[in-house]
Every structure is written in structure tokens, then in C-alpha cells.
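# Working through the structure, step by step
This is what each chain is made of:
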Amino acid sequence: MPLKKPQNGLQNGDGSHEKDSRHFGNGSQQQNMDINDHEGEQNLPSVLEVSNESPVVNGIGSSLANGSLNLHSTVKRKLDGEKDYVFDKRLRYSVRQNESNCRFRDIVVRKEDGFTHILLSSQTSDNNALTPEIMKEVRRALCNASADDSKLLLLSAVGSVFCSGLDYSYLIGRLSNDRRKESTRIAEAIRDFVKAFIQFKKPIVVAINGPALGLGASILPLCDIVWASEKAWFQTPYATIRLTPAGCSSYTFPQILGVALANEMLFCGRKLTAQEACSRGLVSQVFWPTTFSQEVMLRVKEMASCSAVVLEESKCLMRSFLKSGLEDVNEKECQMLKQLWSSSKGLDSLFSYLQDKIYEV
Amino acid sequence: MPLKKPQNGLQNGDGSHEKDSRHFGNGSQQQNMDINDHEGEQNLPSVLEVSNESPVVNGIGSSLANGSLNLHSTVKRKLDGEKDYVFDKRLRYSVRQNESNCRFRDIVVRKEDGFTHILLSSQTSDNNALTPEIMKEVRRALCNASADDSKLLLLSAVGSVFCSGLDYSYLIGRLSNDRRKESTRIAEAIRDFVKAFIQFKKPIVVAINGPALGLGASILPLCDIVWASEKAWFQTPYATIRLTPAGCSSYTFPQILGVALANEMLFCGRKLTAQEACSRGLVSQVFWPTTFSQEVMLRVKEMASCSAVVLEESKCLMRSFLKSGLEDVNEKECQMLKQLWSSSKGLDSLFSYLQDKIYEV
Amino acid sequence: MPLKKPQNGLQNGDGSHEKDSRHFGNGSQQQNMDINDHEGEQNLPSVLEVSNESPVVNGIGSSLANGSLNLHSTVKRKLDGEKDYVFDKRLRYSVRQNESNCRFRDIVVRKEDGFTHILLSSQTSDNNALTPEIMKEVRRALCNASADDSKLLLLSAVGSVFCSGLDYSYLIGRLSNDRRKESTRIAEAIRDFVKAFIQFKKPIVVAINGPALGLGASILPLCDIVWASEKAWFQTPYATIRLTPAGCSSYTFPQILGVALANEMLFCGRKLTAQEACSRGLVSQVFWPTTFSQEVMLRVKEMASCSAVVLEESKCLMRSFLKSGLEDVNEKECQMLKQLWSSSKGLDSLFSYLQDKIYEV
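Residues numbered from 1 in each chain as written. Chains lettered and ligands numbered in written order. Predicted model: local features only at pLDDT ≥ 70, side-chain atom pairs only at ≥ 80, totals over all residues. Heavy atoms only, no water.

## Considering the overall build of chain A
Within chain A, the secondary structure is distributed over 15 helices and 9 strands. Relative to its full complement of 361 residues, chain A shows a buried share of 60%. A separation of at least 24 residues holds for 78% of the contacts in chain A among residues at least 6 apart in sequence. Looking at chain A as shown, the accessible area adds up to about 13400 Å², and 51% of this sits on carbon and sulfur atoms. (Helix = DSSP H or I, 4+ residues; strand = E, 2+ residues; numbered from the N terminus. Buried < 20%, exposed > 50% of the residue type's maximum accessible area, 1.4 Å probe, protein only. Contact = heavy atoms within 4.5 Å. Areas by Shrake-Rupley, 256 points an atom, 1.4 Å probe, with all protein chains shown as cover.)

## Here's the deal with the pattern of salt bridges
Residue and element names in this part refer to chain C. Following the criterion strictly, the structure yields 44 salt bridges over all chains and no others. Of the charged contacts in the structure, one is a salt bridge between Asp 224 and Lys 315, with a shortest N-O distance of 2.6 Å. Residue Asp 224 is located in the loop between helix H9 (215-218) and strand S6 (225-229), and its partner Lys 315 is located in helix H14 (residues 308-342); the two are separated by 91 residues in the primary sequence. The partner of Asp 224 in a salt bridge is Arg 319, with the nearest N and O atoms 3.2 Å apart. Taken as a pair, Asp 224 in the loop between H9 and S6 and Arg 319 in helix H14 lie far apart in primary sequence, 95 residues in all. (Salt bridge = Lys/Arg side-chain N within 4 Å of Asp/Glu carboxyl O.)

## Looking at unusual backbone geometry
Unusually for a residue other than glycine, B:Arg242 sits at a positive phi of about 65 degrees. The phi angle at C:Asn127 is positive, at roughly 55 degrees, despite the residue not being glycine. If you trace the backbone, C:Asn127 turns up in the loop between strand S2 (115-120) and helix H6 (132-147).

## Observations regarding the packing of aromatic side chains
Per the counting criterion, the structure on display carries 12 aromatic pairs over all chains. Judged by centre distance (4.8 Å) and plane angle (55 degrees), the ring pair of A:Tyr251 and C:Phe321 falls under tilted. Residue A:Tyr251 is located in helix H10 (residues 249-257), and its partner C:Phe321 is located in helix H14; the two belong to separate chains. Taken together, a centroid distance of 6.3 Å and an interplanar angle of 35 degrees make the contact between B:Phe287 and B:Phe292 tilted. Taking relative accessible area as the criterion, B:Phe292 reaches 3% and is therefore assigned buried. Among the aromatic residues, ring-to-ring pairing joins A:Trp227, A:Phe287 and A:Phe292 into one connected group. Positioned above the aromatic ring of B:Trp233, the side-chain terminus of B:Lys271 is 4.1 Å from the ring centre. (Phe/Tyr/Trp six-rings, centres within 6.5 Å; stacked < 30°, edge-to-face > 60°. Lys NZ or Arg CZ within 6 Å of the ring centre and 35° of its normal.)

## So, the confidence of the model for chain A
Of the residues in chain A, 70% reach a pLDDT of 70 or more, and the chain-wide mean stands at 78. With pLDDT under 50 throughout, residues 1-101 of chain A is counted as low confidence; its partners more than four residues away or in other chains account for 180 contacts. (pLDDT = per-residue confidence, 0-100.)

## Section: the sheet that holds strand S1 (residues 107-111) of chain B
In a beta sheet, neighbouring strands pair by backbone hydrogen bonds and run either parallel or antiparallel. Residues and elements named next belong to chain B. Read from one edge of the open sheet, 6 strands run S1-S2-S3-S4-S6-S9, paired in mixed fashion. A single partner strand is all that each edge strand has here, and the edge strands are S1 and strand S9 (285-287). For this sheet, the mean angle separating the axes of adjacent strands, direction not counted, is 20 degrees. Where strand S3 (residues 152-157) and strand S4 (residues 204-208) come together, 3 bridges link them in parallel fashion. Paired with Leu 155 across the bridge in S4 is Val 206. Against the sheet, helix H13 (residues 292-304) makes contact with strand S2 (115-120), S3, S4, strand S6 (225-229) and S9, and its axis sits at roughly 160 degrees relative to S6, the strand it touches most. (Pairing = 2+ DSSP bridges. Axes fitted to C-alpha atoms, helices over the stretch in contact; angles between N-to-C directions.)

## Observations regarding the relation of the copies chain A and chain C
Once chain A has been moved 0.0 Å along the axis and rotated by 120 degrees, it coincides with chain C to within an RMSD of 0.0 Å. What the superposition gives is, in effect, a three-fold axis relating one chain to the other. When the interface residues of chain A are mapped onto chain C, a mere 4% of them are again interface residues, pointing to distinct binding faces. (Least-squares fit on C-alpha atoms with pLDDT ≥ 70 in both.)

## Quick word on the relation of the copies chain B and chain A
Superposing chain B onto chain A requires a rotation of 120 degrees together with a translation of 0.0 Å along the rotation axis, leaving an RMSD of 0.0 Å. With a heterologous cut-off of 20% or less, the 4% of interface residues of chain B that recur at the interface of chain A puts this contact in the heterologous class.

## A short note on the packing of H10(A) against helix H11 (residues 259-268) of chain A
Helix packing geometry: the angle between the two helix axes and the distance between the axes. Residues and elements named next belong to chain A. Interaxial distance between H10 and H11 falls to 6 Å at its minimum, and their mutual angle equals 135 degrees. The angle between the axes of H10 and H11 places the two elements in the oblique class. Relative to H11, the crossing made by H10 is right-handed. Contact with H10, carried on its side by Ser 249, Ser 250, Phe 253, Pro 254 and Leu 257, involves Val 259, Leu 261, Ala 262, Met 265 and Leu 266 of H11 and no other residues of that element. Considering only residue class, the contact of H10 with H11 consists of 8 nonpolar, 2 polar and no charged. (Parallel < 35°, antiparallel > 145°, perpendicular 65-115°, else oblique. Left-handed = near helix turned anticlockwise from the far one by under 90°. Nonpolar A, V, L, I, M, F, W, Y, C, P; charged D, E, K, R; others polar.)

## Some details on the pairing of strand S2 (residues 115-120) of chain A
All names here are of chain A. Where burial is concerned, most of S2 is hidden: 6 out of the 6 residues are buried. By the bridge criterion, 5 bridges tie strand S1 (residues 107-111) to S2 in an arrangement that is antiparallel. In the sheet register, Val 109 faces S2, and the bridge partner there is Ile 118. Of the strand pairs in this sheet, S2 and strand S3 (residues 152-157) are connected by 6 bridges, and their pairing is parallel. When the sheet's bridge partners are listed, Thr 116 is paired in S3 with Leu 153. Viewed along the sheet, the connection from S2 through helix H6 (residues 132-147) into S3 turns out right-handed. (Right-handed = clockwise from strand over helix to strand, strands pointing away.)

## Digging into the side chain of C:Ser342
All names here are of chain C. Within the fold, Ser 342 resides in helix H14. Overall, the relative accessible area of 19% leaves Ser 342 in the buried class. A distance of 2.8 Å separates a polar atom in the side chain of Ser 342 from the backbone oxygen of Lys 338. In this structure Ser 342 touches Arg 179, Arg 180 and Ser 183, once residues within four positions along its chain are discounted. (Polar contact = N/O pair within 3.5 Å; in protein donor to acceptor, adjacent residues only side chain to side chain.)

## Concerning the interface of chain A and chain C
Accessible area lost during the coming together of the parts is what is often quoted as the interface size. Chain A puts 28 residues into the contact, and the matching count from chain C is 31 residues. Summed over the shared surface of chain A and chain C, the number is 0 salt bridges. Seen at the junction of chain A and chain C, the total is 8 residue pairs in polar contact (both at pLDDT 80 or more). Only H10, H11 and helix H14 (308-342) of chain A provide two or more residues apiece to the side of chain A that touches chain C. Partitioned by chemical class, the residues of the side of chain A that touches chain C number 15 nonpolar, 7 polar and 6 charged.

## Comments concerning the packing of helix H7 (residues 168-177) of chain B against helix H8 (residues 179-199) of chain B
Residues and elements named next belong to chain B. The interhelical angle for the contact between H7 and H8, taken along N-to-C directions, is 140 degrees, at an axis separation of 6 Å. Regarding the angle of H7 to H8, the classification is oblique. When H7 is examined against H8, the residues Tyr 170, Leu 171, Arg 174, Leu 175 and Asn 177 are found in contact with a partner set consisting of Arg 179, Glu 182, Ser 183, Arg 185 and Ile 186.

## Concerning the nonpolar core
Residue and element names in this part refer to chain B. Among the nonpolar cores identified, the biggest contains 81 residues, and Phe 162, Ile 190, Phe 197, Ile 208, Leu 215, Phe 234 and Trp 341 are the most heavily contacted of them. No other element matches the 9 residues that H8 contributes to this core. When residues no more than four places from it in sequence are discounted, the contact partners of Ile 190 are Met 135, Leu 166, Leu 215, Cys 334, Leu 337 and Trp 341. (Core = buried A, V, L, I, M, F, W, Y, C linked by side-chain atoms within 4.5 Å.)

## Some points on the interface of chain B and chain A
Taken together, the 28 residues of chain B in the interface contact 31 residues of chain A. Roughly 2300 Å² of surface becomes buried between chain B and chain A when both sides are summed, with 67% attributable to carbon and sulfur atoms. Where chain B packs against chain A, one counts 0 salt bridges. Broken down by secondary-structure element, the contributors of at least two residues to the side of chain B that touches chain A are helix H10 (249-257), helix H11 (259-268) and helix H14 (308-342) of chain B. It is H11(B) that contributes the most residues to the side of chain B that touches chain A, 9 residues altogether. Of the residues assigned to the side of chain B that touches chain A, the class counts are 15 nonpolar, 7 polar and 6 charged. (Buried area = accessible area lost by both parts, 1.4 Å probe.)

## A word on the pairing of S3(A)
Within S3(A), 6 of the 6 residues are buried, leaving the element largely enclosed by the surrounding structure. The alternating pattern of S3(A) places A:Leu152, A:Leu154 and A:Ser156 on one face and A:Leu153, A:Leu155 and A:Ala157 on the opposite face, and all of these are buried.

## What about the sheet that holds S2(A)?
Pairing within the open sheet is mixed, and its 6 strands lie in the order S1-S2-S3-S4-S6-S9 (chain A). A strand with exactly one partner marks an edge of an open sheet, and here the two such strands are S1 and strand S9 (285-287) of chain A. Averaged over neighbouring strand pairs, the angle between their axes works out to 20 degrees when direction is ignored. With respect to the sheet, H11(B) is in contact with strand S6 (225-229) and S9 of chain A, its orientation differing from that of S6(A) by roughly 110 degrees.

Here is the structure:
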């Protein structure tokens, strides 16, 4: 699902950002060593609270990019110091050491007060398209968040696109090279990525700032609350691009949208506006773009004030009877994609479609 | 979910009401002794046909309260006598004797022509909040209605609130007293109350005149048809008040509203207006408050003219494959509530929330 | 559900139509002998492309009736000849011979480019009402379409009514005659008809030009995409006419519309407009009546350009886990109808209702 509009000059790879993302989401958090550490982090000003309407950055977490918020500046430290929490410098240091071993390249992970915030912010693909490598980063971040003491997860994106689904130029490149091996590898990456969402035990809130396509839309029903900006829209044109459904959409979409609309989306590539997606149940609520970030943050913080046990047990009650079914569906969907990609006919069909699209541009 | 607005001076406990409720819903009906008796009752003027717009009473069945309709007055009897039905005074007498043994305090049960009408009209709680005792009365009335010859059940409420869910002042009082014993008792009362709805074999029509909160909203998907007044609204802020979902809402809400909206309701306490609830599938149709009672009664009578076999078998076809699943969900939900209430941590969290609310007022 | 408006003078039984329908849907297609044959047919002008706004004919495929489109005229043949496809006259001949053995009387079947088009066009009932014989024709056509090389199925209707459900005058006639034998025969015909939809492996697109009642509405969730004209409306008043649900609606309607609306439709005969049906999930999209045919054809042709494997496997992913459940529901529903029809009480109730309706007219 290649989008023509270029990612709007986001300075996501600059120094300040590198420095920022280094501090979050790593193995040491799984060892529960971050009890004091994240308390230090909880007072970071959330970038989501700043409604930054510059033309360059307009997604949740986008103000990351303007460089004015160097989160670990001396000023910040001083502010932190004024609060009454235990701050163990020794512990913090060791965490940082570990964190730097597994920092992320295509996502940003922030530990906020009571929740983990994952931002899609791909450096290696356009429009937050997903490659096996990016999906692996998300899985690792989910794994960290499931083990630490955050009560819920917020997933959003940097830039004007939430997620454009699988990266098809990557797909063509790899599959042309070694069809058999790569079809297995990519299908398994999708399977594991989707499985990580199915199995995640804490509530997942998604904030959709712009277009959500393919796998980027399919995983939404695996999340718990979906808030969308008016600018968001949703499309899963699997059949149109000669693919079968993924992300459990073959099960969840008919369940939520009804058979008739689900099939129109999956077979005919019907596009849903944010309002349509909301009135049909894919989205919880739609907010005005200018205040979207604040509205989301307000609600996420409210949720994060709830009891962790209540949040996790409520989700467990709501999901437990579905989990094994969804895992089966996920397996079948990915098995089918693998078959399509490893057959020359399926691949030809995909290639000819995608090449047409590329020539169109 | 304590509402601040006081129940508006409903004279529900006066003599005429007591006299009225005495005539309905008891064990003798289960023995099929009421065949002629209810035929005598079928010509009672339905209070639902009177649109009473006084500020004091505005729910379905609310005109009960204004005292002008003493249903068994001499005038009424005379009217009854003019109709061509068998009226066996002897039988009626014996039924009354039995009925007086198990009359209801917090609900009103009326046998109408072809259907049973249960009205929530709590004397012992505010805003039709539910206590184990009130839930037991409803269960008993459901049990009676399932055994008698009525074809369907109409559930509505007296007053301006349909049902405000569990009575939290009762909850605090009891749980502070004896956490272990009371948590089991209350959780089991909820379980049995919900189970009675799951297992009820005749169609249940609910008429929602005003706010339906917590358990009062959660049970709606266990009923068959839900008509709402424009004044109705719906809220299930379980997580907000540090509780896990009840009434099978952890299963039925995602099923009906979609995962995204269901979670917003259960986790964030999102409030649905009557129109929203209708467009999202929780409510069948919304009516104007002034004519709500008539519209409902018209339709219920129409339904009650259908064949009893067709109604029961249709419901059986629609529900049978769900029944065991719902019973499991109900068990799990109540098990979870019991755990929360019997743990000091869960209880503290609940208490501190509820006490904050009380101090706010 | 007898409609009063007569079928508007459709000349469906004239020679040209007979000649036309003779060419499609028979056993030889199942033997994969039609590979070249249908390529010859693919260039037939689709009647759906002509927006014929005459008061006489306004359904999809309605221009069939005006006689001006004799599809196998010499002119057509010449046009066909100008295209670059393989046309094996010998094969075609043998196919025609076979086809003439099983031509259809109450439906029209057309093989278009990549898809099969079935049009309800009943000669033996009013308003495309269904009799066991007509349902058998549809099953035969589905069976043919499943075996040939078409990628999907388009189902629409000739005339102003899509389908008025079971033919009740037929029902009364037969059941009065031999209750036991006929109740079994008719219930089994419904069961097999519905089963054919459940088991059909290629995507089914339905174009609803006008009212869809009873079984004609109930089967829609068994289809994949449902496009409706603004003129369409939907009603399943089973309980009202003293019947229990059919076509798996006891399962699919609550699933799609929510329990509350599904029950209002099945118990109270609530009528849904095209827009309501769309906003509640029964319909994929609604189109303006004047351009309905073109909009549908455009989309169906687009879909038919997809890979056959992708279409069938996508449908398989979406339906496989539901199939056995739906077959059970179908069995139970038809068992129940059989019981109702074979009991004198059930039959009396049905007859008295239907006779009232007839006297009303």
C-alpha cells in the first residue's frame, strides 16, 4: 500500500531523538530493576500534551522531532529532583547501560507515569510501513511493556500516517530474491507480530493520527481502545493487491463490522473515514485533529490511574475466550500468505499488480 | 454508581401500592392455578397507557404512584365484570392467600393480558439500585413468570431512573463489616440474578425510561428487545470504580458494540445516549419520552398476541447456542468480583474511590 | 409475505428469454468443458450496464424484459467475433446440447466475464416468492457456478421486488392438502436451499433492488457483499406470521445487528430501510436507484479481475470457522418449521393469520 505523499521531513533520526529513545524499553526492565527508574521518568513532560500545529509535525508524539524538547536536559533533571520520589542513580545507570544494548531504530518507546508509549517512527521505511525488522522491534517493546510495571500501553505514530501496512517494496525485493526462504521468513514475522498483540495482557490504547492501511488497520480489533483523529482513515485492500487477509481481520472484521462491510473492505478495498469507522465499531471515538493528542493523553492518564489488577483482569475476562481462536486464525492467515508468496502464480499476480502501481506514479 | 439527584418523592410505599403489589407473582402461579385468575386481571387498565407528565412521576408504571389508579377498586371490578371471561372467585381467593405470603417490597409485578410486567420500584435503595435482596425479588418474579402462562416479560421501572446498578453504599456497609462472608454472598447474589436472565425462556422486553448504570445496563443484552426513551442513557464505569465487568458485559458488550466501544465503556466509563446506544445496537429503538409508555405497550400487546410456542421456540433458537457460554462468563465475572472484594487491596481501592465520591457530594 | 403490488408485466417467459437462459448453467460446465465457451460469452453486453428507468422494469437485469436485447443475435455474434479470444464452435455446441437439458424457468443464469449472474425472475410465483421448485433451481445454479471457472457469483432480481420470501399461498395450498408429507418436503427444500448458500465457496455479491422479505432477507448474511438500492427495504416478520426464524437468521441477525434489533425484526416485524440496514451492518453500501445497476456492475467486474485463488481463499478464511455452526443452526431452524407445520395447532395459527391477510385485501 505505497502512499505517494512523502513523509513530511520528520527529523526523526537526529541526535536528540537517538539520545531520547535510548533510555527506554529493554531487557533490564523485565528484571524489575526499573522500579525507581521509571519513577524518575514519570515526570517527563509528555510531548502529547503539546499541541504542535507546525506543518512539519502533526502526529502524536510528533513534537519529538522539533528538537526543542530534549527530555533529559538539566532543567528536566532539576524538576525531577524537586518531586518526592526515590531516585537511585546507581540503578538508573545500570538500566541505561542495558537499554543502550537494545535501543530501537524504527520505533520510539517512552515510559510514562503508569503506561508505556510506543510510537511508530520508521527510519527504514516510508509512511510507517512494516518490515519484519520493524515488527520485531514492536514485539520486543510489547514484551518489555508486558513485563514492567506499566498498567497499559499506548500505541501511536510519528508523522502524518499511522501505519501503511506491509512494506511492499521490501516485499518485492526480498521475494524476487529468494521466494521460498523469504516467504517463510516474512509470513512468520507477521504471525509473531500479530501474536504479540493477541497475547498482550494489559489494555492497549491506539491513537490513530492518520491513514491506517492493511496490517496497520487489521490489528486494531486486537487492541482494546481505538481513538482516531478526524484525519484518520482505514483501508484493507487485500484482495485488490492480490493478498489474503492478515492480522486476524478475516475473523475480527466480520465480527465487528458485519459480514457485508467487512467483505467490502477486504475484497473491494472500501475505504472507511474515521467517522464511518467509529459508527461501525472499529473506532471508539473520533477527535478533532488539533486537540487529538491532548484528548488522548487526558484519557490515557485517567485510565492509568485505575487499579492495575482491575485493568488486567477486565481485559482477561473480555479476551480469554477469544484468544485461542484468534491464534488459530492468525496461523491460518499467515500459512495462506506463505503459500501465495511461495507459489510463482501468486507472486506473479502480486508483482504485476504492484509494478502497475509503481508505473502509475 | 450513586446518583446525586434524589428519587423524586415517589409515594411507592403507601397503602394503595402495597395492596396492589400483593396480588401478583407468587408460588401458586407456578402451580398453574392462575389460569382463570389472570384472565380476571387482564382487563386492568395498564398504567403504561397513561402518559403522565407530572414532574413527580415520569417512568413507565409511574402513574402507580399518584394514587388515582387503585387497580382493584369497585369501579374496576365492575368494568371487569362487563367483559366476557370466566372469573372464578374461589380460585382467585386462594391465589391471593398464597400471594400475600410472598409479596414483593422493591418491585411491582403485574399480570397483564398475555404478559408479565415487572417494575423496578425500590423502597430500600435509591434510584433503583440493586441489593442482594432486590435481586432476589426479581429472580423470584422471573421464576414465577417462567412458570405461568404469560407469553413474554416486560421489565421497566418506576421513577426517573431505570436502574443505577449495584447499591454501593450497601456494598461498603456490608464489606466493611465482614469482607469474606459478604463478598461471597453479594457475588453469588449477582451470579444468580444474572443467571436468571440467561435462563429465562420467554422473550424479555425492557423499557428504559431513564439512566441505566452498571449492572442495570449490563444485563440488557441478556434481554431480547430493548426500547428506550430519549431520556435514557447508559454507562458501565466498572474500571473507574475499581471493579471488573459483571452481567456478562465482558462478553456481550464487545459482541454487540464492537471491541473498541465496549472497552471504552468498561474501562473509561464512556456514557452512551439513547440514540448512540440505538445506533450501536444496545437498544432496539428510541421513543419520545411523552409517548414512550404508549409506544411500548402497543408493541408489547402486539407481541403478546403471537403464538406462545413461536415466541419461546424463536428465543430458544436464538439463545440456545449461547447459553452455556454466557453461564461460564457469568461464573468467571462473579468469581473475579468475589476475589476483588475479599482482598484487602481490591477493597481499599474500591473504598477510597467511593469515599472520594461521597466527600465530593 | 404476499405483497399486493402485482409483478409489473415482466415478459420473462417469452421466446427470447427462453432461448437466452438455455445457454447457461448445466452439468457440462461442471466437467470443465466450458473453458472456451464462456470466453465467447464474456463479451455479451451486460444488461446491468443499461440504466433503464421505464416504469415497467427497474430491477437489475430488468432490461432483459424489454425484448430489445436478444443476446445471441447475429449482431452480437459478429461483435464477439471481432474480439481476440479462442472460440471453439464444436465445444460450444456440445455445451448447448447439455444446457438445454436443464434450463431454468424461474431464474435467469448468465455467465459473464469472470462471474456468474443469477437473477430471480419467477414465472410461477408473485414478487419473486420462493417455492421448493424455485429454491431447487437456485441450488442447481449455485452448484453449476461452484464448479465452473467463474470467480464469484452475482445474485440479483428482475422486477421491482428482490424476493418476498416463502410463497405463502403455495404453503397454504400444500399444507392443507397433506400436512405431514408437505411440511417435511418444504422444510427440507428450505434447508437445502440455505445449505447451498452456506457451502458456496466463491464470494457471493447480492444486489438488492427492492424489498427483501423473510427468507429473501435472512440469507443475506450468508452472502458476502450486499449492495442495495435506496428503494430496498428489509423485513423478517417471522413471529408475526406465526413462524420461527429461517435462513440462519436466528444466529446471523443477532451477530450482525445486535440482539436488540435482531429480535425486534424477528419478533415484531420491524422494517429496515436500506440506509438503516447499511448503518447496522446488513448491507455493505447503498446506491441511488438510477445508477444502482452500473455501480454494482462496475464493482463486480473490478472484483472479478482479482485472482480466483485469493478470492476463494479469503472467503474460506472468513467463513470456515463458522460453517459447521451455521449448518447446525440451519438444521435446527428447519426442524422447528417442520414441527410447526406438522402440528395442527401451529398450522391453524399460521392459516388464521394468513387468511386474515387475504381477507384484508
